[in-house]
Amino acid sequence: MAVKIFVPIIVSFFCLAVNRSLVLGESRTFSIDYKNDCFLKDGKPFQFVSGSIHYSRIPQYYWKDRLVKMYMAGLNTIQIYVPWNFHETVQGINNFSGDRDLEHFLNLANQTGLLVILRPGPYICAEWEMGGLPAWLLQKPNIVLRSADTDYLQAVSNWIAVLLPKMRPWLYTNGGNIISVQVENEYGSYFACDYNYLRHLRTLFRFFLGEDVVLFTTDGNTDKEMKCGTLEGLYATIDFGTDTNVSTAFQRQRRFEPRGPLVNSEFYTGWLDYWGDQHAVVDTQKVSRILGEMLSMGASVNMYMFEGGTNFGYWNGADHNNRYRSVVTSYDYNAPLSEAGDPTEKLLAIREVIKKFRDIPAGPMPPATPKFAYGFVTLKKVGNISSLLTVLSPQGPVKSQYPLSFEEMKQFYGYILYRTKLPRDLSETTPLISPLNGVHDRAYVAVNGVFQGILQRDTALVIKVTGQKGDVMDIVLENMGRVNFGDKINDYKGLLSNLILGNDVLTDWEMFPLDIDGAIESGWPHSEQRHPQPSPSKGPLDGPVFYMGTLQPNGLAWDTFLKLNNWTKGQVWINGVNLGRYWPARGPQQTLYVPGPLLSTTRPNNITVLELEGSPTRRLVLFMDRPQLNITAGKS
């Protein structure tokens, strides 16, 4: 047994020591040497030491800063996902500009001296909304995602025909820096196990990228995952973290890929956080020890993540094992570079390991970006959502006997207000029930403007309400992020089944799609000449209410962290940019990362807060010079 494990490791190490001459003028090549169990770059043995970075989670302004830090840490390669829904949020409209300028990111990496492992999906997982798949796919109600389903394959083919021709000039063999391309992502963990789907992707990738590019798969460290996720013609790699026996894991890779380089495509330096859980931490010494062990075997390793970044806006994903769990806004991941791109002790320890195996660039590690504590800002009430519908839903409601989903409304992210009227007098408190667990994901219920309570997917299916016949019931429905992993990624949002009030099925709905981001990007509410006068609180919780304030300029535009102490749950925008969700009442994340480039040094900085449950008596927010990501305050 020991011979089976260590022979390929010795051969792979030998491959690193082989010195082959590269004939001057020979074309650039990147390939797999199956005889000597290694990669060949321009004819010479090559071992990549890579780190994952997601351009979609980092402002474009900071891309170069992060890449330089990764290069100075000793990496020779980076690994990136391409989130399909980030580029084609609306079907047929592709966006590759600004923070979505993928080719600019590739160019910066090339200038920095970093090769690229490209992971274009179409599914990426990544704790990203719906695993990178666009929610508009769900407009086909019976679609089977990640399979040879006709509707799905047509959409995938259209997208790949847009993306991969842009990537072909960036292949290493064409003078660029992309050395390999992953097909799908951890497909073996998905229930479908559809080889026809993988064959279709292989054909597409070869057609657009050519026959010479190294195509590979990545799967988890089990036989089932490796079996369903691998396909002839795609080099099979594995992923695992610090709690795994390295030799045993690579032995599993060898069973599916008997010759070629050992590759861990996702070596976990940290882990993700869910709302209400403890902040995840992976021990630095374990990371260093396992990394050194793999590199000493001659394995190529990608560290996931090297910098995590931030789930700005509505881009966080979710998980669903026994219940729905939403991923927090910070994707810090306990990675070597922090959420704000700052070097950590883990990064310095990793650099010391890498130095033992390859020359690293001379010179100091670039410092952390400057931070500033701008202090307290007082917010004032703008109004509750129901009073602002002319601004937030200017096109008016869609009417239906029964409630429609977000997908049917073509409002794929954010919030929708569902409105109906009470069918009879409620002489006593009456249960409002979601009998089929049809609230996806959180419903904030009010009757005639009086907040009644919260229905929540999987955990709170009944509340008690009061009112009279004809009273208006408003339900603000929050999409908290679609499931990104497993067999529940067909994650429809909204009121997916009828609500029952006592013995009555509620009907005759009006649904208001809320374009909150569009209104705020246009300057609302700060551009309004007059605002509704603040109304007194109606109880311990007010329900969904907007607040506004300004951070006065002080000549600096440095990174900062926004803390909403004693606020409950909601969303924050600064100067029109959606920072993401806050939920300090649940934790562990207590602060939101505010990139300095969002701030103005000369004009008042507009702050808009949508508080979904209840604001504190003193409506203050605090800008700090450091994050707080590890306080689980309790469960609501």
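Reading the values: the criteria
Residues numbered from 1 in each chain as written. Predicted model: local features only at pLDDT ≥ 70, side-chain atom pairs only at ≥ 80, totals over all residues. Heavy atoms only, no water. Helix = DSSP H or I, 4+ residues; strand = E, 2+ residues; numbered from the N terminus. Rg over C-alpha atoms; globule rule 2.2 N^0.38 Å. Buried < 20%, exposed > 50% of the residue type's maximum accessible area, 1.4 Å probe, protein only. Contact = heavy atoms within 4.5 Å. Areas by Shrake-Rupley, 256 points an atom, 1.4 Å probe, with all protein chains shown as cover. Lys, Arg positive; Asp, Glu negative; His and termini not counted. Charge placed at Lys NZ, Arg CZ, Asp CG, Glu CD. Expected span 1.5 Å × (residues − 1). Polar contact = N/O pair within 3.5 Å; in protein donor to acceptor, adjacent residues only side chain to side chain. Phe/Tyr/Trp six-rings, centres within 6.5 Å; stacked < 30°, edge-to-face > 60°. Core = buried A, V, L, I, M, F, W, Y, C linked by side-chain atoms within 4.5 Å. Pairing = 2+ DSSP bridges. Axes fitted to C-alpha atoms, helices over the stretch in contact; angles between N-to-C directions. Disulfide = S-S within 2.5 Å. Bend = angle between axes of the 7 residues up to and from the residue. Left-handed = near helix turned anticlockwise from the far one by under 90°. Nonpolar A, V, L, I, M, F, W, Y, C, P; charged D, E, K, R; others polar. Salt bridge = Lys/Arg side-chain N within 4 Å of Asp/Glu carboxyl O. pLDDT = per-residue confidence, 0-100.

J.: What's the story with the overall build of the chain in this structure? I'm lost.
T.: Looking only at helices and strands, one finds 13 helices and 34 strands in the chain. Against the compact-globule benchmark of 26 Å for 636 residues, the chain has a radius of gyration of 26 Å, which places it among compact chains. Here the C-alpha coordinates of the chain stretch approximately 85 × 55 × 40 Å along the principal axes. For the chain, the residues scored as buried account for 62% of the 636 residues in total. At a minimum sequence separation of 6, the contacts of the chain that also span at least 24 residues come to 78%. A total of about 24200 Å² of accessible surface is found on the chain, and carbon and sulfur atoms cover 52% of it. Positive and negative side-chain charges in the chain, numbering 60 and 61 respectively, have mean positions lying 2 Å apart.

J.: How should helix α9 (residues 284-296) be read in this particular structure?
T.: Two residues of an α-helix separated by three or four positions point the same way, owing to the 3.6 residues in each turn. In a regular helix each residue adds 1.5 Å, so 13 residues correspond to 18 Å; α9 covers 18 Å between its end C-alpha atoms and thus fits that length. All of the buried residues along α9 are V287, S288, I290, L291, G292, M294 and L295. Two or three places before Q285, at the opening of α9, D283 has a side-chain oxygen 3.1 Å from that residue's backbone nitrogen. Following α9 by one or two positions, G298 adopts a phi angle in the positive range, close to 90 degrees.

J.: Explanation requested: the environment of S296 in the structure shown.
T.: Relative to the assigned elements, S296 resides in helix α9. Looking at S296, the relative accessible area reads 37%, which means it is partly exposed. Residues S296 and P45 lie 251 residues apart in sequence; the distance between their C-alpha atoms is 15 Å. Side-chain polar atoms of S296 contact the backbone oxygen of E293, separated by 2.7 Å.

J.: Whenever I open this one, the packing of aromatic side chains confuses me. Can you help?
T.: What characterises a pair of aromatic rings is the spacing of the ring centres plus the angle enclosed by the ring planes. Tallied over the full model, the rule gives 37 aromatic pairs. Each ring, one from Y55 and one from W63, has its centre 6.2 Å from the other, and the planes form 85 degrees; the classification is edge-to-face. The class of W63 is buried, set by a relative accessible area of 0%. Here W84 and W136 contribute two aromatic rings whose centre-to-centre distance is 5.9 Å and whose plane-to-plane angle is 90 degrees, an arrangement assigned as edge-to-face. Here W84, found in helix α3 (residues 84-87), pairs with W136, found in the loop between β6 (115-119) and α5 (150-167); they are 52 residues apart in sequence, far enough to count as distant.

J.: Where do I start with the nonpolar core in this structure?
T.: One broad rule of soluble globular proteins: the nonpolar side chains tend to lie buried together. Judged by nonpolar contacts, the single largest core of 140 residues is most densely connected at I78, L145, F205 and F546. For this core, the leading source of residues is α5, giving 9 residues. Ranked by size, the runner-up nonpolar core spans 24 residues in total, among them Y418, L426, V465 and L506.

J.: Mind showing me how you'd approach the sheet that holds strand β3 (residues 44-46) here?
T.: Strand-to-strand pairing in sheets goes through backbone hydrogen bonds, with the strands running parallel or antiparallel. Here 3 strands make up an open sheet; going across it, the order is β1-β2-β3 and the pairing antiparallel. Of all the strands in the sheet, just β1 (30-33) and β3 have a single pairing partner and so form its edges. The mean inter-strand angle of the sheet, taken between neighbouring strand axes irrespective of direction, is 45 degrees. Direction of pairing for strand β2 (residues 38-41) relative to β3: antiparallel, over a ladder of 3 bridges. Directly across from K41, in β3, lies its bridge partner K44.

J.: Which parts of the structure should I look at to understand unusual backbone geometry?
T.: Most peptide bonds take the trans form, and the phi angle of most residues other than glycine is negative. Here G121 and P122 are connected by a cis peptide whose omega angle stands at 15 degrees. By the secondary structure assignment, P122 is in the loop between β6 and α5. Not every positive phi belongs to a glycine, and N334 is a case in point at roughly 55 degrees. Position of N334 among the secondary structure elements: in the loop between β13 (324-326) and α10 (345-355).

J.: Please clarify how the side chain of Q456 should be interpreted in this entry.
T.: Structurally, the position occupied by Q456 is in strand β21 (residues 450-456). Owing to a relative accessible area of 13%, Q456 belongs among the buried residues under this scheme. Other than its neighbours up to four places away in sequence, Q456 contacts D441, R442, L461, W583 and R586.

J.: Can you walk me through the state of the cysteines in this structure?
T.: Cysteine pairs can be covalently joined through their sulfur atoms, and such a bond is termed a disulfide. Here the structure, examined in full by the defined rule, presents 1 disulfide. Note on cysteine connectivity: C193 is disulfide-linked to C228, with sulfurs 2.1 Å apart. Classification of the bridge connecting C193 and C228 rests on its S-S torsion, roughly -90 degrees, and on that basis the disulfide is left-handed. With C193 in the loop between β7 (178-182) and α6 (195-209) and C228 in helix α7 (residues 223-229), this residue pair connects regions lying 35 residues apart in the sequence. For C125, which is in no disulfide, the shortest distance to another cysteine sulfur is to C228 and amounts to 17 Å.

J.: What exactly am I supposed to notice about α5 here?
T.: The terminal C-alpha atoms of α5, which comprises 18 residues, lie 25 Å apart, in line with the 26 Å expected from a rise of 1.5 Å per residue. Most pronounced at I160, the bend in α5 amounts to some 25 degrees. Among the residues making up α5, those that are buried are Y152, L153, A155, V156, S157, W159, I160, L163, L164 and M167. Elements in contact with the buried residues of α5: α3, α4 (102-112), β6, β7 and α6.

J.: Quick question: what am I supposed to make of the sheet that holds strand β29 (residues 560-563) here?
T.: Strand order in the open sheet made by the 4 strands is β14-β34-β29-β32, with antiparallel pairing throughout. Every other strand in the sheet has two partners, leaving β14 (375-378) and β32 (591-594) as the edge strands with one partner each. Averaged over all pairs of adjacent strands, the angle between their axes in this sheet comes to 30 degrees, without regard to strand direction.

J.: Would you explain the packing of helix α2 (residues 63-72) against α4 in this entry?
T.: When two helices pack together, you describe them by how their axes are tilted relative to each other and by the distance separating the axes. Running from amino to carboxyl end, α2 crosses α4 at an angle of 35 degrees, the nearest separation of the two axes being 10 Å. Seen from above, α2 lies across α4 with right-handed handedness. Packed against α2, whose contacting residues are W63, K64, L67, V68 and Y71, the element α4 presents H104, F105, L108, A109, Q111 and T112 at the interface. Considered class by class, the residues forming the contact of α2 with α4 number 7 nonpolar, 3 polar and 1 charged.

J.: So what exactly am I meant to see when it comes to the pattern of salt bridges here?
T.: Oppositely charged side chains are able to pair whenever their charged atoms sit close together. Enumeration over the complete set of coordinates arrives at 25 salt bridges. For D65, the salt bridge is made with R66, and the minimal N-O distance between the two is 2.8 Å. Judged by relative accessible area, which is 23%, D65 ranks as partly exposed. Note that E184 is salt-bridged to R146, the shortest N-O span being 2.7 Å. With E184 in the loop between β7 and α6 and R146 in the loop between β6 and α5, this residue pair connects regions lying 38 residues apart in the sequence. Each member of the pair E184 and R146 is classed as buried.

J.: Looking at this structure, I do not really get the confidence of the model for the chain. What am I missing?
T.: A low pLDDT score tells you not to read the predicted coordinates there in detail. Mean pLDDT for the chain: 94, with 93% of residues reaching 70 or above. The spread of mean pLDDT over the elements of the chain runs between helix α1 (residues 2-17), the lowest at 37, and β6, the highest at 99.

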